[in-house]
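Next come the chains, spelled out residue by residue.
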Amino acid sequence: MASGITNRGKLRLLEMALDNTWNDSVIDSSPFFIALVTNTPDADDNTFADMTEIAAGNGYTSGGAEAAGRGLGWDTETEDDTNDYGEFQLADIAWTASGGAIPSSGGGATYAVLLDDHATVNSREVIAWFDLTSARSIGDGAQLTLQDLAIRLT
Amino acid sequence: MAISFVAASSVRVANSNYAQLAHTISSGSDILLLVAIALTTHENRVSSVTWGGTELTQHHEGGENQGDKAWIWVGTIPLDAASGAGTLVVTLTSSVGRWCIGLCEYTGVSQAADPFRNSAVTNSGVNPSYSLATATDSDGLAVSAAALNSGKDATPGDTERVDQASASPTQRIHMMEASGTGSPVTMNASNFADDTFYVWVNCLQVPQNITITPAQAEVVTSASVGTVIEGTDTIIIGRTASVIATARVGAVAVIEPIRADLIMNVTEQ
């Protein structure tokens, strides 16, 4: 019989790595961040210094928006025995443009990246990236919402 | 957020190529100021329209291209204009006997480069009334500006915002709106006393929101047992970052994860 990791095991691995919990027992509550970038991330990237962030201002803060933190802060946790994966899903992240467009200058965001909470923004580690499928920008008063950002182990 | 009318200002001008119109921009958000100028003639045109020294964005100009009829110029004050008191300054190419300026302020309007949803729909003619249809959506607001000539009157079927007439012989600027409730929306003006008018119609749009559901970030994992060696054989495995120690006595268990090689040597001393 070939070796493998159970779907429960995948979920628990995600719990340990992303939620600092084991079976819903909280260990700590450090937050994550979701930032918007214009470059194409890849598996070799390490920190936010490797990214090209969109221009800050008008409702977008450099370093991104604080996302669900460790300690039962994730939106949805899934163990899928039919498709054989474990998955953690973030609560929706939204920015509202105020006083001008987001980005305030330059090109629109093409990817969102999940970062840890290092005090120095450029030192934050890049955990995952999410394809926004095209360059995204919004006018003053409009809202950009990222729904169901998920980390999945298959 | 819905589009809302805030305030209007207007002025009539006689025998001049220059006029000013004072207006105070509110402190609301997503503001758009719509400016319309009605002239009696197509020959002496609008030369310059500024707000705070900045030229307005022209959206339309047209009318009856003959004699002293109705001619209209439509534009918007720059979208990032600051709140507070200001002055609209209009200069024509030459003096005109009778002309009028109207200005309407709205909040909740998309601040995209083009705040209008649809192409301008214009109409002109000599009929006593006009009825215009423009495609809208439920969030839009259809707005119009009409230049009316020679003592004419207009009884709007929708919400009137500016109705400014000059001295006789009358030139009039008329601005009104109708909320978008589907497609099409008809704006009515009836009971004109006599002929010519020229009308511009368009639809303001609300800020457009974007919602995205990106594909999940997926990590493929597996666990497998590599080669189990018993005895004192030394095995070199061509994987990156591999460290292999030779066992003196006993078995070497090799576990190879996908992205990192982890080798545990179990020796029996």
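Not measured: the values here are computed from a predicted model. (Residues numbered from 1 in each chain as written. Chains lettered and ligands numbered in written order. Predicted model: local features only at pLDDT ≥ 70, side-chain atom pairs only at ≥ 80, totals over all residues. Heavy atoms only, no water.)

We now examine the overall build of chain A. Counting its secondary structure elements, chain A contains one helix and eleven strands. The helix and strand sequence of chain A, counted from the amino end, reads α-β-β-β-β-β-β-β-β-β-β-β. Expressed as a percentage of the 154 residues in chain A, the buried residues total 47%. Restricting the contact set of chain A to residue pairs at least 6 apart, pairs at least 24 apart contribute 72%. (Helix = DSSP H or I, 4+ residues; strand = E, 2+ residues; numbered from the N terminus. Buried < 20%, exposed > 50% of the residue type's maximum accessible area, 1.4 Å probe, protein only. Contact = heavy atoms within 4.5 Å.)

Residue and element names in this part refer to chain A. For helix 1 (residues 7-19), with 13 residues, the first-to-last C-alpha span of 17 Å sits near the 18 Å given by 1.5 Å per residue. Of all the residues in helix 1, the buried ones are Asn7, Lys10, Leu11, Arg12, Leu14, Glu15, Leu18 and Asp19. With its phi angle positive at about 45 degrees, Asn20 sits one or two positions after the end of helix 1. (Expected span 1.5 Å × (residues − 1).)

Another aspect to go through is the interface of chain A and chain B. Contacts between the two partners involve 28 residues from chain A, matched on the other side by 21 residues from chain B. The contact between chain A and chain B buries some 2000 Å² in all, and 55% of this surface belongs to carbon and sulfur atoms. On the chain A side of the contact with chain B, Asp140, Arg152 and Thr154 of chain A bury the most area, a combined 25% of that side's loss. Counting every contact that joins chain A to chain B gives one salt bridge. (Buried area = accessible area lost by both parts, 1.4 Å probe. Salt bridge = Lys/Arg side-chain N within 4 Å of Asp/Glu carboxyl O.)

Quick look at the pairing of strand 7 (residues 93-96) of chain A now. All names here are of chain A. Judged by which residues are buried, strand 7 turns out to be one-sided: Ile93 and Trp95 face inward and are buried, whereas Ala94 and Thr96, on the alternate face, are not. Sheet topology places strand 7 next to strand 10 (residues 143-146); four bridges connect them, and they run antiparallel. Counted as the bridge partner of Thr96 is Gln143 from strand 10. (Pairing = 2+ DSSP bridges.)

The next subject is the pattern of salt bridges. All names here are of chain B. Summed over all chains, the structure comprises four salt bridges over all chains. A salt bridge links Glu177 to Arg161, with the nearest nitrogen and oxygen atoms 2.8 Å apart. Of this pair, Glu177 sits in strand 13 (residues 171-179) while Arg161 sits in strand 12 (residues 159-165); the two residues are 16 residues apart in sequence, bridging distant segments of the chain. Its relative accessible area of 7% is what places Glu177 among the buried residues. Here Asp163 ties to Arg172 by a salt bridge, and the two come within 2.7 Å at their closest N and O atoms. We classify Arg172 as buried; its relative accessible area is 12%.

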